[in-house]
Amino acid sequence: MMNRIFYCLLLVFIFTGCKRNSGVKVMYLAHTLPQSHPVHKGILEFKRALAEKSGGKMDIKIFPDGQLGSERETLELLQIGSVAVTKVSAATLSNFVPEYHILGIPYLFRDKQHQFDVLEGEVGKSILEKGSKFWLRGLCYYDAGSRSFYTSNKPIRTPDDLKGLKIRVMNNQMAINMVNSLGGSPTPMAYGELYTAIQQGVVDGAENNPPSFVSSNHYEVSKYYTLDQHSSVPDVLLIGTKYWESLTEEEKVWVQEAADISSQAQKKFWSDSVEESMAIAKEAGVEIIIPEKSLFQEKSKPVLEAFQKEHPEMDDLINKIKNQ
């Protein structure tokens, strides 16, 4: 981690010099995704919109493909001011900002429209702002789809089919509790190790959205993809509070407006990517299973109940989401 920090500080030093010479304020944005990913395409739209809004006075230098580290590492770089902007999953962010845990509750959102009505409304904006006390100010949400189960040998048609299966999950308590509630054996593991782990039978499967299922090539070692859509954890575009406070009021408006434009554009990029990914998986012979989601929803209810018992202070936010 320290090597990455020194490397990043060196980059900042180099590019700060370029910024002074050109007269353009350059923001450094790091993320972990490949350049073919719909989120990266959304970030490119952020860059384009910011240049337009600022009349060329602001620009973004993008470091994709995990060049500056994992999601957690880029968050730490944001906190110390070495990087201005990053994109992370709300699940990762929940380790810093507790309110983001709410967005991982199974079947919290009724559908896609409900999800974005919440995220782009009062509740979603209030959660974005809560990160400021941790030096992580949210700008907007990006669509990361719905997460579903995929397995190598045994199809999942009902929750009972998960019994005895080792399912890779993110190192996030909500995801762990969700798989436990459905009868599976949650197995936190680095994403980069997952392909080999499925191939060698270390785990029986995992859960993720269609573009990630395909871009990771996990469809090559997983015969079944069950669209139970148990959670819809968004991605979050963040700016370091230290960097944000260095901006003028006019620059802050440009940045926020550009982020909002990119959020709307990214939804279309995501939708197109889901359609393309599902076609690739089907062509490769993956069996796409459409289960009765209500069975999974009913069995995962204890996750919400346990969360409310542990975090009664968040009841108001949860009720606002349910009633919206």
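Remember, predicted model here, so these are calculated numbers, not experimental data.

Reading guide: rules and limits
Residues numbered from 1 in each chain as written. Predicted model: local features only at pLDDT ≥ 70, side-chain atom pairs only at ≥ 80, totals over all residues. Heavy atoms only, no water. Helix = DSSP H or I, 4+ residues; strand = E, 2+ residues; numbered from the N terminus. Buried < 20%, exposed > 50% of the residue type's maximum accessible area, 1.4 Å probe, protein only. Contact = heavy atoms within 4.5 Å. Areas by Shrake-Rupley, 256 points an atom, 1.4 Å probe, with all protein chains shown as cover. Lys, Arg positive; Asp, Glu negative; His and termini not counted. Charge placed at Lys NZ, Arg CZ, Asp CG, Glu CD. Salt bridge = Lys/Arg side-chain N within 4 Å of Asp/Glu carboxyl O. Pairing = 2+ DSSP bridges. Expected span 1.5 Å × (residues − 1). Phe/Tyr/Trp six-rings, centres within 6.5 Å; stacked < 30°, edge-to-face > 60°. Lys NZ or Arg CZ within 6 Å of the ring centre and 35° of its normal. pLDDT = per-residue confidence, 0-100. Arc of directions from axis to C-beta. Polar contact = N/O pair within 3.5 Å; in protein donor to acceptor, adjacent residues only side chain to side chain. Axes fitted to C-alpha atoms, helices over the stretch in contact; angles between N-to-C directions.

**Q** Describe the overall build of the protein chain, with residues and values.
**A** A count of helical and extended segments in the protein chain gives 14 helices and 11 strands. In the protein chain, which comprises 324 residues, the share counted as buried stands at 56%. Taking contacts inside the protein chain between residues at least 6 apart in sequence as the whole, the part at least 24 apart equals 75%. Here the protein chain has roughly 14,400 Å² of accessible surface; of this, 51% comes from carbon and sulfur atoms. In the protein chain, the 36 positive side-chain charges and the 40 negative ones have mean positions that sit 2 Å from each other.

**Q** Before we move on, could you go through the pattern of salt bridges and cite the residues and values that matter?
**A** Tallied over the entire structure, the rule returns 19 salt bridges. Of the charged contacts in the structure, one is a salt bridge between Glu71 and Lys87, with a shortest N-O distance of 3.1 Å. With a gap of 16 residues between them, Glu71 in helix 3 (residues 71–79) and Lys87 in strand 3 (residues 85–89) connect regions that are remote in the sequence. Like Lys87, Glu71 is buried.

**Q** Break down the pairing of strand 10 (residues 235–240) for me, with residues and values.
**A** Counting buried positions along strand 10 gives 6 out of 6 residues, so the element sits mostly inside the fold. In strand 10, alternate side chains face the same way, and those of Asp235, Leu237 and Ile239 on one face and Val236, Leu238 and Gly240 on the other are all buried. Where strand 3 lies against strand 10, 5 bridges are found, and the strand directions are antiparallel. Counted as the bridge partner of Val88 is Val236 from strand 10. Where strand 4 (residues 136–142) meets strand 10, 6 bridges bridge the pair, whose relative direction is antiparallel. Bridge pairing in strand 10 places Arg137 opposite Ile239.

**Q** For helix 11 (residues 249–283), give the residues involved together with the corresponding values.
**A** For an α-helix, 3.6 residues make a turn, and residues three or four places apart therefore share a direction. Over its 35 residues, helix 11 runs 51 Å from end to end, which matches the ideal 51 Å to within 8%, given 1.5 Å per residue. Gly285, located one to two residues past helix 11, shows a positive phi value of around 95°.

**Q** I'd like a description of the packing of aromatic side chains, backed by residues and values.
**A** Under the counting rule described, the total for this entry stands at 3 aromatic pairs. Residues Tyr150 and Phe213 carry aromatic rings whose centres are separated by 4.5 Å and whose planes lie at 45° to one another, so their mutual orientation is tilted. Here the residue Tyr150 occupies a position in strand 5 (residues 147–151), and Phe213 occupies one in helix 9 (residues 210–215), the gap between them amounting to 63 residues. Here Tyr150 and Phe213 have matching classes, each one buried. The ring of Trp244 has Arg137 lying over it, and the distance from NZ or CZ to the ring centre is 4.1 Å.

**Q** Tell me about unusual backbone geometry, and name the residues and values.
**A** The backbone of Tyr107 shows a phi angle near 55°, a positive value even though the residue is not glycine. Summarising the element assignment, Tyr107 is placed in the loop between helix 4 (90–93) and helix 5 (112–119).

**Q** Give me the confidence of the model for the protein chain: which residues, what numbers.
**A** The predicted model of the protein chain has a mean per-residue pLDDT of 91, with 93% of residues at 70 or higher. Within the protein chain, the element-level pLDDT minimum falls on helix 1 (residues 2–22), averaging 48, and the maximum on strand 11 (residues 287–289), averaging 98. Low pLDDT (under 50) marks residues 13–18, which in the prediction has 4 contacts with non-local residues, meaning those over four places away or in another chain.

**Q** So what's going on with helix 6 (residues 122–130)? Residues and values would help.
**A** Burial in helix 6 covers these residues: Val123, Gly124, Ile127 and Leu128. Down the axis, helix 6 shows its buried residues gathered within 140° of arc, on one side only. Of the residues in helix 6, the exposed ones pointing more than 90 degrees away from the buried face are Glu122 and Glu129. For helix 6, the secondary structure elements touched by its buried residues are helix 5, strand 4, strand 10 and helix 14 (315–323).

**Q** Could you give me a rundown of the environment of Gln67, with the residues and numbers involved?
**A** Mapped onto the elements, Gln67 comes out in the loop between strand 2 (58–63) and helix 3. Sequence separation of Gln67 and Asp260 is 193 residues, and the distance between their C-alpha atoms is 25 Å.

**Q** Mind laying out the environment of Glu120, listing which residues take part and the relevant values?
**A** Inspection of the secondary structure puts Glu120 in the loop between helix 5 and helix 6. In this structure the C-alpha to C-alpha distance between Glu120 and Tyr141, which are 21 residues apart in sequence, comes to 8.0 Å. Once you skip the residues sitting within four places of it in the chain, Glu120 turns out to touch Lys125, Ser263, Gln264 and Lys267. Within polar-contact distance, the side chain of Glu120 engages the side chain of Gln264 at 3.0 Å.

**Q** Tell me about the side chain of Glu251, and name the residues and values.
**A** Inspection of the secondary structure assignment puts Glu251 in helix 11. Taking the relative accessible area as the measure of exposure, Glu251 reaches 12% and is therefore buried. Within polar-contact distance, the side chain of Glu251 engages the backbone nitrogen of Thr248 at 2.9 Å. If we ignore the near neighbours within four places in the chain, the residues touching Glu251 are Lys25 and Met58.

**Q** Provide a residue-level description of the sheet that holds strand 1 (residues 25–30), including the pertinent values.
**A** Read from one edge to the other, the open sheet built from 5 strands follows the order 2-1-3-10-4, with strand pairing classed as mixed. The open sheet is flanked by strand 2 and strand 4, the only strands paired with a single partner. Put simply, the sheet's adjacent strands are angled 30° from each other on average, direction ignored. Pairing between strand 1 and strand 3: 2 bridges, direction parallel. Its bridge partner being in strand 3, Leu29 is matched across the sheet by Val85. In the packing of helix 3 onto the sheet, the strands contacted are strand 1, strand 3, strand 4 and strand 10, and the crossing angle to strand 3 comes to about 145°.

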